[in-house]
Amino acid sequence: MIHNRTAKTINTWYGDISTTLFEQFAQVELLILDVDGVFSDGRIYLGNQGEELKAFHTRDGFGLKAWTDAGYPAAVITGRESSIVERRMKHLGVTHIFQGVKNKVERYEQLLDNLNLNDSQVAYVGDDVPDLQLINRAKLGIAVHDAHPSVQLAAQYITRCHGGFGAVREICDLLLLSRGELPSAEGVSL
């Protein structure tokens, strides 16, 4: 990986990023993510007995665990409720888990108030229209590669990876890389 802070772009594993955008990554103190379409590919599997299944990619888990293990907070704000999400997020070190949220902006404001943070310290990752307000509000609005076009147009960064297939890992890598804190794989439990 080559960094060149004097150039107009920084070369990363995920392609060239403008130095301005790379500096925005470095200012993030709180990562907030939607779940369906970001951590998962957006599909929901329903069994005959009413059970709901979701698939999570281990690469995304590794990235988020690296972020939280580095001491940075992460949150999920999602409109759906699932015990699967609760278990997975707790395992990855996410301490702020908000499910069944009807008003994402209200929950976002409460979270920032509780953590004594402001919009300029937040990255928000989404994939669809319910995420637009927070994509626009956070200093660093991020859309996954396969997000709705309106979300992509509003975002400052669009991942190269699709939701559920490494997008969260990409974001966490860039956040940690921008700080010079990208860890090795040793000691991380997914």
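Residues numbered from 1 in each chain as written. Predicted model: local features only at pLDDT ≥ 70, side-chain atom pairs only at ≥ 80, totals over all residues. Heavy atoms only, no water.

Enquirer: Quick question: what am I supposed to make of the UniProt feature "binding site: substrate" (unreviewed entry) in the protein chain here?
Expert: Mapped onto the present numbering, the UniProt feature "binding site: substrate" (unreviewed entry) falls on Asp36. Counting through the fold element by element, Asp36 comes out in the loop between strand S3 (30–33) and strand S4 (45–46). Excluding its chain neighbours within four sequence positions, the residues that come into contact with Asp36 are Gly42, Ile44, Lys54, Thr78, Arg80 and Asp127. Looking at Asp36, its side chain comes within polar contact range of the side chain of Lys54, at 2.6 Å. (UniProt positions renumbered as here; feature names shortened; annotations may be inferred. Helix = DSSP H or I, 4+ residues; strand = E, 2+ residues; numbered from the N terminus. Contact = heavy atoms within 4.5 Å. Polar contact = N/O pair within 3.5 Å; in protein donor to acceptor, adjacent residues only side chain to side chain.)

Enquirer: Sorry if this is basic, but what is going on with unusual backbone geometry here?
Expert: Most of the time, phi is negative for any residue but glycine, and the peptide bond is trans. At Asn116, a residue that is not glycine, the phi angle is positive and equals roughly 55°. For Asn116, the location among the structural elements is in the loop between helix H4 (104–115) and strand S8 (122–126).

Enquirer: I tried to follow the packing of aromatic side chains on my own but got confused; where do I start?
Expert: Aromatic rings in a pair are described by how distant their centres are and how their planes are angled relative to each other. Going through the model one piece at a time under the given rule, you end up with two aromatic pairs. On the numbers, 5.4 Å between centres and 85° between planes, the contact of Phe25 with Tyr157 is edge-to-face. Of this pair, Phe25 sits in helix H1 (residues 19–26) while Tyr157 sits in strand S10 (residues 157–158); the two residues are 132 residues apart in sequence, bridging distant segments of the chain. Across this residue pair, the class does not change: Phe25 and Tyr157 are buried. Ring centres 4.4 Å apart and planes at 20° place the aromatic pair Trp67 and Tyr72 in the stacked group. Like Trp67, the residue Tyr72 is buried in the burial classification. Here the basic side chain of Arg179 rests over the ring of Tyr72, its NZ or CZ set 4.6 Å away from the ring centre. (Phe/Tyr/Trp six-rings, centres within 6.5 Å; stacked < 30°, edge-to-face > 60°. Buried < 20%, exposed > 50% of the residue type's maximum accessible area, 1.4 Å probe, protein only. Lys NZ or Arg CZ within 6 Å of the ring centre and 35° of its normal.)

Enquirer: Would you take a moment to explain the side chain of Lys104 for this structure?
Expert: Looking at where Lys104 falls in the secondary structure, it is placed in helix H4. With relative accessibility at 10%, the residue Lys104 sits in the buried group. Here Tyr124 takes part through its side chain, which lies 3.4 Å from a polar atom of the side chain of Lys104. Once you skip the residues sitting within four places of it in the chain, Lys104 turns out to touch Asp34, Ile77, Thr78, Gly79, Tyr124, Pro130, Asp131 and Leu134.

Enquirer: Please explain the nonpolar core as it appears in this structure.
Expert: The tendency in soluble globular proteins is for nonpolar side chains to be buried side by side. Core analysis: the largest hydrophobic core is formed by 59 residues, its most contacted members being Leu31, Ile32, Leu33, Phe39, Leu64 and Trp67. No other element matches the eight residues that helix H7 (residues 167–177) contributes to this core. Those residues in contact with Leu33 that lie beyond four places of it in its chain are Val38, Phe39, Leu64, Ala75, Val76, Ile77, Val125 and Val168. (Core = buried A, V, L, I, M, F, W, Y, C linked by side-chain atoms within 4.5 Å.)

Enquirer: What should I look at first to understand the sheet that holds S3 in this one?
Expert: What the six strands build is an open sheet, ordered S7-S6-S3-S8-S9-S10; its pairing is parallel. The outermost strands of the open sheet, each flanked by one partner alone, are strand S7 (96–98) and S10. H7 contacts S3, S8, strand S9 (140–143) and S10 of the sheet and is inclined by roughly 170° relative to S3. (Pairing = 2+ DSSP bridges. Axes fitted to C-alpha atoms, helices over the stretch in contact; angles between N-to-C directions.)

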